[in-house]
Amino acid sequence: MTLEIFTIYDTKSETYFQPFYMLNTAMALRQFADMANDKESNISKHPEDYTLYHLGSWQDQDAKFATIDKKLIASANENVISFTKTKPTE
């Protein structure tokens, strides 16, 4: 099976998070969006500082990596969902 490799970049510390593996970009984006919307996450507290990148792939049958020039997938700012709750009128 081929797994895609991703990382998150923090512009304030100028460092990348430890790489993580997902089946595809859509799953990585969903996880990143979940982190961006989790009130307990540092990413949600400063979404303008974080971006998701694709780094390549890894094959579990032969343990081979296929790297690419890192590709920007999304910024946390793009994935923060605002939930506006309105009270019903009484």
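Residues numbered from 1 in each chain as written. Predicted model: local features only at pLDDT ≥ 70, side-chain atom pairs only at ≥ 80, totals over all residues. Heavy atoms only, no water.

**Q** I tried to follow the pairing of strand β1 (residues 2–10) on my own but got confused; where do I start?
**A** Regular strands have side chains that alternate between both faces of the sheet. Counting buried residues in β1 gives 8 out of 9 residues, a clear majority hidden from the surface. Relative to strand β4 (residues 50–59), β1 is paired through 9 bridges, and the arrangement is antiparallel. Following the sheet pairing, I5 is matched in β4 by G56. Across 2 bridges, the pairing between β1 and strand β2 (residues 15–16) is antiparallel. Looking at the pairing, Y9 lines up with Y16 of β2. Between the end of β1 and the start of β2, which pair antiparallel, lie 4 residues, with E14 showing a positive phi angle near 55 degrees. (Buried < 20%, exposed > 50% of the residue type's maximum accessible area, 1.4 Å probe, protein only. Helix = DSSP H or I, 4+ residues; strand = E, 2+ residues; numbered from the N terminus. Pairing = 2+ DSSP bridges.)

**Q** Explanation requested: the pattern of salt bridges in the structure shown.
**A** Note on pairing: side chains with opposite charge can pair once their charged atoms come close. The tally for this structure, following the rule as stated, stands at 1 salt bridge. K12 is paired through a salt bridge with D49; the nearest N and O atoms lie 3.1 Å apart. In this pair, K12 sits in the loop between β1 and β2 while D49 sits in the loop between α2 (42–45) and β4, placing the two residues 37 residues apart along the sequence. On the basis of relative accessibility, which here comes to 63%, the residue K12 falls in the exposed class. (Salt bridge = Lys/Arg side-chain N within 4 Å of Asp/Glu carboxyl O.)

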